[in-house]
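Analysis of the macromolecular model
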Amino acid sequence: MNIHNEIIKELKSKGAKGNLTTQTQFSSIGLDSLDLMDMITILEDRLSIFVPDDKLLEIKTIKDLENVIAELTK
């Protein structure tokens with residue numbers, strides 16, 4: 001499973017448009033903290049992981065989220 005593709009797919013389902021790169025900040029595409037939490041919850045269920053609260057504060061870009069998920073799926 002490609003983590004990047006899963007994140008992009010979920011962002012597009014939430015209405016994100018344009019060129020989504022690893023450096024895209026969630027705030028720049030209109031995702032507020034509640035939207036981000038909702039997306040993370042969906043990804044947690046889909047990937048059978050749990051993102052600890054302290055990791056949530058680190059997530060600002062798509063790459064940040066990819067890194068957290070990659071770390072949790074090792």
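Up top is the structure.
The notes below deal with the structure included here. Given the structure is predicted, the values throughout are model-derived calculations rather than measurements.

Rules used throughout
Residues numbered from 1 in each chain as written. Predicted model: local features only at pLDDT ≥ 70, side-chain atom pairs only at ≥ 80, totals over all residues. Heavy atoms only, no water. 1 Å grid on protein atoms, 1.4 Å probe; cavity = no way out; pocket = protein on both sides within 12 Å on 5 of 7 lines; lining within 4 Å. Points joined across faces, edges and corners; volume = space filled by probe spheres on them. Helix = DSSP H or I, 4+ residues; strand = E, 2+ residues; numbered from the N terminus. Nonpolar A, V, L, I, M, F, W, Y, C, P; charged D, E, K, R; others polar. Salt bridge = Lys/Arg side-chain N within 4 Å of Asp/Glu carboxyl O. Buried < 20%, exposed > 50% of the residue type's maximum accessible area, 1.4 Å probe, protein only. Polar contact = N/O pair within 3.5 Å; in protein donor to acceptor, adjacent residues only side chain to side chain. Contact = heavy atoms within 4.5 Å.

1. Side note on the layout of surface pockets
By rolling a water-sized probe across the atoms, one finds the places where empty space is left. Taken as a whole, the largest pocket spans an internal volume of roughly 230 Å³. With four residues, the top contributor of residues to the lining of the largest pocket is helix α2 (residues 33-47). Each residue belonging to the lining of the largest pocket can be placed in one class, and the counts come to eight nonpolar, three polar and two charged.

2. Things to note about the pattern of salt bridges
Tallying each qualifying case throughout the model produces seven salt bridges. For Lys55, the salt bridge is made with Glu71, and the minimal N-O distance between the two is 3.1 Å. Here Glu71 lies in helix α4 (residues 62-72) and Lys55 lies in helix α3 (residues 53-56), a separation of 16 residues in the sequence. Residues Lys63 and Glu66 are paired through a salt bridge, measuring 3.8 Å at the closest nitrogen-oxygen approach. In this pair, Lys63 and Glu66 both sit in helix α4, three residues apart, roughly one turn of the helix. Taking the relative accessible area as the measure of exposure, Glu66 reaches 10% and is therefore buried. The network of salt bridges with shared partners includes Glu6, Lys9, Glu10 and Arg46.

3. A word on helix α1 (residues 3-13)
Within the sequence span of α1, burial applies to Glu6, Ile7, Ile8, Glu10 and Leu11. Backbone nitrogen of His4 and a side-chain oxygen of the N-cap are separated by 2.9 Å at the start of α1; the cap is Asn2. In the stretch just after α1, Gly15 is the one whose phi turns positive, near 100°.

4. Observations regarding the side chain of Glu10
By the secondary structure assignment, Glu10 is in helix α1. For Glu10, a relative accessible area of 7% translates into the label buried. Aside from chain neighbours lying at most four places away, what touches Glu10 is Met39, Ile42 and Arg46.

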